[in-house]
Amino acid sequence: MSVSPYSDAVYRGIGIDSCPGGWAAVVLEALPEEGRLQICQAAVYPTLSALWEDLSPNPLSDRILIDIPIGLAEGANGVQNRVADRNCDRDCRKLLPKRRKSSVFPVPARQALHAEDPSSANAQATGRKLSRQTINILPKIRETDDFLAARLNKGLPVSGFIEESHPELVFLRLNDNADEAPLYGKKEAEGQRERSGILHRAGLPNAETEKLFTLFARKQAAKDDLLDAAALAVAAYRIVSGRSPVKHVTEGERRQFDYEGRLEMNIVYV
């Protein structure tokens, strides 16, 4: 684990993104006198369990947004649900401009997570094979699903505490001046400058993101991983502190649930 210690917070917005080293977490608090945000902790953890043990999130004062699917379809023969396709993925794409729609990739069925041939298992459950991009991130999806299932089975809080989000949608919504998504890709230098600027206007000073970039080698977490985690942390802080109401991409009768109704499949933004 690589950690950078900062001061403690009353309300904490926690943003989590997968990265080469495991999971990049950015934790934000606000300076009450100045009203701006500051990073109170940043870390790269090898597992979600290690992250949880170190941060000890509190459902009364913390909100966690993570860029990984929460809740998975199982198809017509499912045990936890009979959903064939997640509405939230389709609804999230609708909110993004054409150049960013591909950032919402197809999510695997739960049956694919532990299968020897994930793509075939997914096709049996939903009629669709998996893309290479989805297969590459399958271990992180499996880890998240197992972690949340364990919490649900113990009766520990998940809904309204740990929620799925999408960095490109968050950057779009935080970009109040232009109300548009960044023009450049997140791995391009210009795209990273755009995203740092959006975070700055949202209350996280450039000095905070620049400091964040110095903490980890690229083999642990790249700049775009850290920017995504920071954006989710900003949104999470706005929600937990009451500065912004929580929004969901899927509403009304289109809402879907997993784990026999105990977990909603949705994507949160502000």
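Here, the structure is the one placed above.
First things first, this report covers the structure right here in the doc.

Conventions we followed
Residues numbered from 1 in each chain as written. Predicted model: local features only at pLDDT ≥ 70, side-chain atom pairs only at ≥ 80, totals over all residues. Heavy atoms only, no water. Salt bridge = Lys/Arg side-chain N within 4 Å of Asp/Glu carboxyl O. Helix = DSSP H or I, 4+ residues; strand = E, 2+ residues; numbered from the N terminus. Buried < 20%, exposed > 50% of the residue type's maximum accessible area, 1.4 Å probe, protein only. Axes fitted to C-alpha atoms, helices over the stretch in contact; angles between N-to-C directions. Parallel < 35°, antiparallel > 145°, perpendicular 65-115°, else oblique. Contact = heavy atoms within 4.5 Å. Nonpolar A, V, L, I, M, F, W, Y, C, P; charged D, E, K, R; others polar. Pairing = 2+ DSSP bridges. Expected span 1.5 Å × (residues − 1). Polar contact = N/O pair within 3.5 Å; in protein donor to acceptor, adjacent residues only side chain to side chain.

## Points about the pattern of salt bridges
Next, step 1: Throughout the structure, instances matching the rule amount to 17 salt bridges.
Next, step 2: Between Asp85 and Arg128 there is a salt bridge, with its nearest N and O atoms 3.7 Å apart. Of this pair, Asp85 sits in the loop between strand E5 (62-66) and helix H2 (87-95) while Arg128 sits in the loop between helix H3 (118-126) and helix H4 (132-153), and the two are 43 residues apart along the sequence.
Next, step 3: Taking the relative accessible area as the measure of exposure, Asp85 reaches 30% and is therefore partly exposed.
Next, step 4: Judged by relative accessible area, which is 33%, Arg128 ranks as partly exposed.
Next, step 5: Salt-bridge contacts for Arg86 lead to Asp89; the nearest nitrogen and oxygen are separated by 2.7 Å. In terms of burial, Arg86 and Asp89 fall into one category: buried.
Next, step 6: Linked through salt bridges whose partners overlap, the residues forming this network are Glu74, Arg110, Asp145 and Asp258.

## What to know about the packing of helix H1 (residues 48-55) against H4
Next, step 1: One can describe the packing of H1 onto H4 by two numbers: an axis separation of 10 Å at closest approach and a directional angle of 50°. By the angle between their axes, H1 is oblique relative to H4. Of the residues in H4, those in contact with Leu48, Ser49 and Trp52 of H1 are Glu143, Thr144, Phe147 and Arg151.
Next, step 2: Split by residue class, the contact of H1 with H4 holds three nonpolar, two polar and two charged.

## Looking at the pairing of strand E2 (residues 12-19)
A regular strand carries its side chains on alternate faces of the sheet.
Next, step 1: Extensive coverage of E2 is indicated by the burial of eight of its eight residues.
Next, step 2: Both faces of E2 are covered, namely the face carrying Arg12, Ile14, Ile16 and Ser18 and the face carrying Gly13, Gly15, Asp17 and Cys19.
Next, step 3: Judged from the five bridges that link them, E2 and E5 form a sheet pairing that is parallel. What sits directly across from Ile14, in E5, is Ile64.

## What to know about helix H8 (residues 223-240)
Next, step 1: In this model H8 runs 25 Å from its N-terminal to its C-terminal C-alpha over 18 residues, within 8% of the 26 Å that 1.5 Å per residue would give.
Next, step 2: Most of H8 is tucked away: 17 of the 18 residues are buried.

## Remarks on the side chain of Glu74
Next, step 1: By the secondary structure assignment, Glu74 is in the loop between E5 and H2.
Next, step 2: At a separation of 2.8 Å, a polar atom in the side chain of Glu74 contacts the main-chain amide nitrogen of Gln80.
Next, step 3: In this structure Glu74 touches Val79, Gln80, Asn81, Val83, Arg110, Gln111 and Ala125, once residues within four positions along its chain are discounted.

## Some points on the environment of Lys223
Next, step 1: Counting through the fold element by element, Lys223 comes out in helix H8.
Next, step 2: Among residues more than four places away in sequence, those in contact with Lys223 are Gln192, Phe213 and Arg218.

By themselves these figures say nothing about function.
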